[in-house]
Amino acid sequence: MNVESSNAQGAIYYIFGATGDLAKRKLFPALFSLYKEGKLSENFAVVGLARRERTNEQFRADLYESIVEFCRYKADDVELWNRFAEHFEYMPLDINNVEAFRGLATLSDQLDAKFNIPGNRLFYLALAPSLFGPVSFSLRDGGLLESKGWHRVVIEKPFGYDLESAQKLNDQITQVFKEEEIYRIDHYLGKEMVQNIQVIRFANAFFEPLWNNNHIANVQITLSETVGVEERGGYYDKSGALRDMGQNHMLQMLTMIAMEPPSRLHGEDIRDEKVKVLRSLRPYKSSDEVRNLVVRGQYSEGSLNGKELPGYRQEDSVGENSTTETYFAAKLAVDNFRWAGVPFYIRTGKRLPVKTTEVVIEFKSMPQNVLFAQRHDLQPNLLVIRVNPMEGIYIKVNAKTPGEDNSVQPVNMEFCQSCQIGINTPEAYERLIHDAVRGDSTYFTRWDEVAQAWEFVDRIAAAWREDSADLQHYPAGSWGPEKAEKLLAQDGFKWWPVNGQEEDNVIWVSNSGK
Ligand SMILES: NC(=O)C1=CN([C@@H]2O[C@H](COP(=O)(O)OP(=O)(O)OC[C@H]3O[C@@H](n4cnc5c(N)ncnc54)[C@H](OP(=O)(O)O)[C@@H]3O)[C@@H](O)[C@H]2O)C=CC1
Ligand SMILES: O=C1O[C@H](COP(=O)(O)O)[C@@H](O)[C@H](O)[C@H]1O
């Protein structure tokens, strides 16, 4: 794949769903940041598209609000903003109206001429998934794919509801776009520390040789959220944590941890290795096995930081007897030579005590009868990758307590990246939009990955559909069902504390000043 250099070519960005939440909170701020960093240059245009009527002035006013609220906008950015805003147009359009797309093609030609753009088109579909197929047909039939340059489509999640629906969706989109023109977003792949996983693994002589079942005891991935379902009850009640987070973000992070080193740092080589991991996931063989190895929960009333919180079933647009899971934890096995025998534990949930995403690599313990281990209860070594919102890594080692002859103490040595350069810089969407326009699909999910992930998740969903007796209720603000603790305890492990919450006797050495 030929990745174009940073801002060598201009493009028109079409934001379908321009009046929606995602555009406001993520896409417009990301475009502004890219502009500010000089990554868009001046030969670009953005066309906002949705059904409701808006003048260009109104659209730019909405855009301004979103940038002030969600971006690193400063008062002295005014001039920059004025120049940026000139590149934006709005066009009211229903995605089923092919005639309107012909008008859009005419507008596009004008924008190409005005901004010296060589016919490149990036279509961002911030729309409900049921509209992905129809909008692709309208783009083709309305003549939007006839320009000289490249044509790429960026598609939001969820990509389907199960394998069957994802397959249908893919069949529709691939009638119009080739696989290499399709950029399926998983915003976790755009996060700094998720991308850093491969550097940590493959650029460090003291991790790479240990990265296997000889030395690693287990892997834990936690993606905990304090929020509930907010205004998305309607969507979430049909989806649940397994589809909302498991099928995509969690399995994608797992692939980054477990994949073999690619032969080259090329997008396709990396994605080839990731899909092999998904193929190696051991499928649950029966519904009983799902019940034993996958825990599901739903939050009930509770409190967090002194605030009373409603239960899930009391949330807007959620069924009063809903059995949708807002939490799940699972034990997975990757059946290949590198990982045979190493459990991967994953958990995610809403209304948990902290917002954090962390990956913990627990190394095998020292032999129990040798030297210091005879006399001390040594803790296992850990490598912890902090993804979100704090970014960085720390390692847990055992060291002599200074000044005391006979005492060993765990020490966490941390590189807190976000303490140094600010939180989540650059934002995932910013990075991914930039990648898409440069033609780099490394951190987008390929169809075979999506299909394989659905195949794995569908078995869990099928077992859950049989009956909901195993659904555990947990108070909002707690760490979820107790059964999730047992999942590890039965293997002799425990969930390690996340978010820097540590046991009392651990010493921290950190650039955060902790
Ligand atoms: N919001 C978020 O944080 C996240 C969202 N996503 C995904 O992004 C996508 C968009 O989400 P979100 O922005 O929250 O959704 P919203 O409901 O806020 O926005 C939907 C947008 O689609 C437009 N639209 C709806 N029907 C049509 C149509 N027939 N023709 C043209 N435009 C139409 C709406 O505008 P109008 O009514 O004016 O036509 C609106 O701009 C979804 O797939 C969602 O799952 C993924 C991750 C996070
Ligand atoms: O995709 C989604 O992700 C968010 C969590 O993303 P983060 O970057 O804030 O960690 C989650 O809240 C949402 O339910 C889900 O659809």
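Above: the structure in question.
Okay, so let's go over this structure. The shown structure was predicted, so the numbers you read here are calculated from the model rather than taken from an experiment.

Tracing the sequence through the fold places Asp21 in helix α1 (residues 21-36). Along the sequence, Asp21 and Ala126 sit 105 residues apart, while their C-alpha atoms lie 8.9 Å from each other.

What follows concerns the site of ligand 2. Around ligand 2, the neighbouring residues are Lys157, His187, Tyr188, Lys191, Glu225, Arg232, Asp244, Met245, His249, Lys350, Lys355 and Asn388. The fraction of the free accessible surface of ligand 2 (400 Å²) that becomes covered by protein chains is 81%. Take the shell around ligand 2: its biggest share by element is three residues, from helix α8 (residues 233-258).

A few words now on the layout of surface pockets. Considered as a void within the structure, the second largest pocket measures approximately 330 Å³ in volume. What lines the second largest pocket is a set of 23 residues, among which Phe363, Lys364, Met366, Pro380 and Asn381 lie closest to the centre. For the lining of the second largest pocket, the secondary-structure elements that each account for two or more residues are β14 (382-388) and β15 (392-400). The element contributing the most residues to the lining of the second largest pocket is β15, with four residues. Looking at side-chain class alone, the lining of the second largest pocket contains 12 nonpolar, eight polar and three charged residues.

Further remarks concern the sheet that holds strand β5 (residues 151-155). Here we have six strands laid out as an open sheet, ordered β3-β2-β1-β4-β5-β6, and parallel in their pairing. Two strands lie at the open edges of the sheet, namely β3 (88-92) and β6 (182-184), each paired on one side alone. Ignoring which end each strand starts from, the neighbouring axes of this sheet average 20° apart. When strand β1 (residues 11-16) meets strand β2 (residues 44-50), the two strands line up parallel, connected through six bridges. Looking across to β2, one finds that Phe16 is bridged to Leu49.

For sheets, the rule is that strands pair by backbone hydrogen bonds, running either parallel or antiparallel. With mixed pairing, 10 strands are arranged side by side in an open sheet as β17-β8-β11-β12-β7-β13-β14-β15-β16-β18. Two strands lie at the open edges of the sheet, namely β17 (472-475) and β18 (507-510), each paired on one side alone. This sheet shows a mean twist of 20° between the axes of neighbouring strands, independent of strand direction. Strand direction decides the pairing type here: strand β7 (residues 216-224) and strand β13 (residues 356-363), joined by eight bridges, are antiparallel. Paired with Ile221 across the strands is Val359, a residue of β13.

How each quantity is defined
Residues numbered from 1 in each chain as written. Chains lettered and ligands numbered in written order. Predicted model: local features only at pLDDT ≥ 70, side-chain atom pairs only at ≥ 80, totals over all residues. Heavy atoms only, no water. Helix = DSSP H or I, 4+ residues; strand = E, 2+ residues; numbered from the N terminus. Near = heavy atom within 4 Å. Areas by Shrake-Rupley, 256 points an atom, 1.4 Å probe, with all protein chains shown as cover. 1 Å grid on protein atoms, 1.4 Å probe; cavity = no way out; pocket = protein on both sides within 12 Å on 5 of 7 lines; lining within 4 Å. Points joined across faces, edges and corners; volume = space filled by probe spheres on them. Nonpolar A, V, L, I, M, F, W, Y, C, P; charged D, E, K, R; others polar. Pairing = 2+ DSSP bridges. Axes fitted to C-alpha atoms, helices over the stretch in contact; angles between N-to-C directions.

Coordinates in, geometry out; function isn't part of it.
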